[in-house]
Every structure is written in structure tokens, then in C-alpha cells.
Amino acid sequence: MANFGAPAHQAAMANLGGMMLVAGGAMCLARGVSDALDAVAEARYQRRYHDALGAATTHARELEGVARVAVGLIAELEAEVAQLREACAQRQDVIETLCGRA
């Protein structure tokens, strides 16, 4: 198909360089927007990660306090058990002594 100097063809060819620049600019703009969206997504991920990490650290500190209280209570209970065993042993000695007299 010969153009033979068609005005539309000549106008298109004259504008080809400009259209290529516009297309290239649009691609750069699209890439920039895509990169910005990726950066926003990464920032949101990092923020959620740090929030979760902070919550986990706080929870761990709370559990550490609970564990310390539990260890103290267990120590008290172990001391009480030792006293009860001693009292039971003394009572058993009394029972054996009384049974020996009878």
C-alpha cells in the first residue's frame, strides 16, 4: 500500500518521535507508580512486623513476671510440704510409741 504523500501518514510520521517519547514517559511513570506501591507495601509489612514483634515482647515480659510469681509460690509450697512431712513423721512416731505401750 503506497502512501504517496498522504497527509495523515505524513502527520503520523512527523509525530512518531513525540509519540515514542510519550509512550516512554508513560512506561517510566507506570514503573515509578509500581515501585512506589511496592515501597508502600514493604513499609506496611515492616510496620506490621514491628508491631507484632513489640506485642510479642510485651507478652513475653508479662509471662516472665507470671513465671517468677509461680516459682516463688512453688518454693513456698515445697517448704510447706516439707513441714507437713515432718509433722506427719512426728505423729507417726507418737502413734507407734502409744501402740507400743498398749
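As a convention, each chain's residues are numbered from 1 in the sequence order in which they are written. Residue-level local features of this predicted model are given only where pLDDT is at least 70; pairs of side-chain atoms are given and counted only at 80 or more, and the full residue set underlies all totals for whole chains, interfaces and linings. Water and hydrogen atoms were dropped before computing side-chain values, which therefore reflect all heavy atoms in the structure.

*Asks:* Provide a residue-level description of the pattern of salt bridges, including the pertinent values.
*Replies:* The salt bridge criterion pairs a side-chain nitrogen of Lys or Arg with a carboxyl oxygen of Asp or Glu, the two atoms within 4 Å. Overall, the coordinates contain 1 salt bridge when judged by the stated rule. The partner of arginine 68 in a salt bridge is glutamate 64, and the shortest N-O contact between them spans 2.9 Å. Linking arginine 68 with glutamate 64, this pair stays in helix α1 (residues 7-101), spanning 4 residues, or about one helical turn. For the exposure calls, accessible area comes from a 1.4 Å probe over protein chains only, and a residue counts as buried if that area is under 20% of its type's maximum, exposed if over 50%, partly exposed in between. Exposure remark for glutamate 64: the relative accessible area of 39% places this residue in the partly exposed category. Helix and strand assignments follow DSSP, with helices taken as H or I runs no shorter than four residues and strands as E runs no shorter than two, numbered in order from the N terminus.

*Asks:* Describe a nonpolar patch on the surface, listing the residues and the values that go with them.
*Replies:* Taken together, the side chains of Met13, Leu16, Met19 and Met20 present a nonpolar region at the surface, about 410 Å² in accessible area. Structurally, the position occupied by methionine 13 is in helix α1. Only residues whose relative accessible area exceeds 30% and that form no salt bridge are eligible for patches; like-charged ones are grouped when within 9 Å, while nonpolar side chains (Val, Leu, Ile, Met, Phe, Trp, Tyr) are grouped when within 5 Å. Each accessible area is a Shrake-Rupley result for a 1.4 Å probe, and residues are judged covered by the shown protein chains and nothing else.

*Asks:* Go over the packing of aromatic side chains, please, and point to the residues and values.
*Replies:* A pair of aromatic rings is counted whenever rings of Phe, Tyr or Trp (Trp by its six-membered ring) have centres within 6.5 Å, and the orientation is called stacked for planes under 30 degrees apart, edge-to-face for over 60 and tilted otherwise. Scanning all chains against the criterion turns up 1 aromatic pair. Ring geometry for tyrosine 45 versus tyrosine 49: centroids 6.5 Å apart, planes at 20°, classification stacked. Here tyrosine 45 pairs with tyrosine 49, and both are found in helix α1, just 4 residues apart, close to one helical turn. Accessibility expressed as a relative area gives 44% for tyrosine 45, which makes it partly exposed.

It is worth stressing that arrangement in space is one thing and function is another; only the former is reported here.
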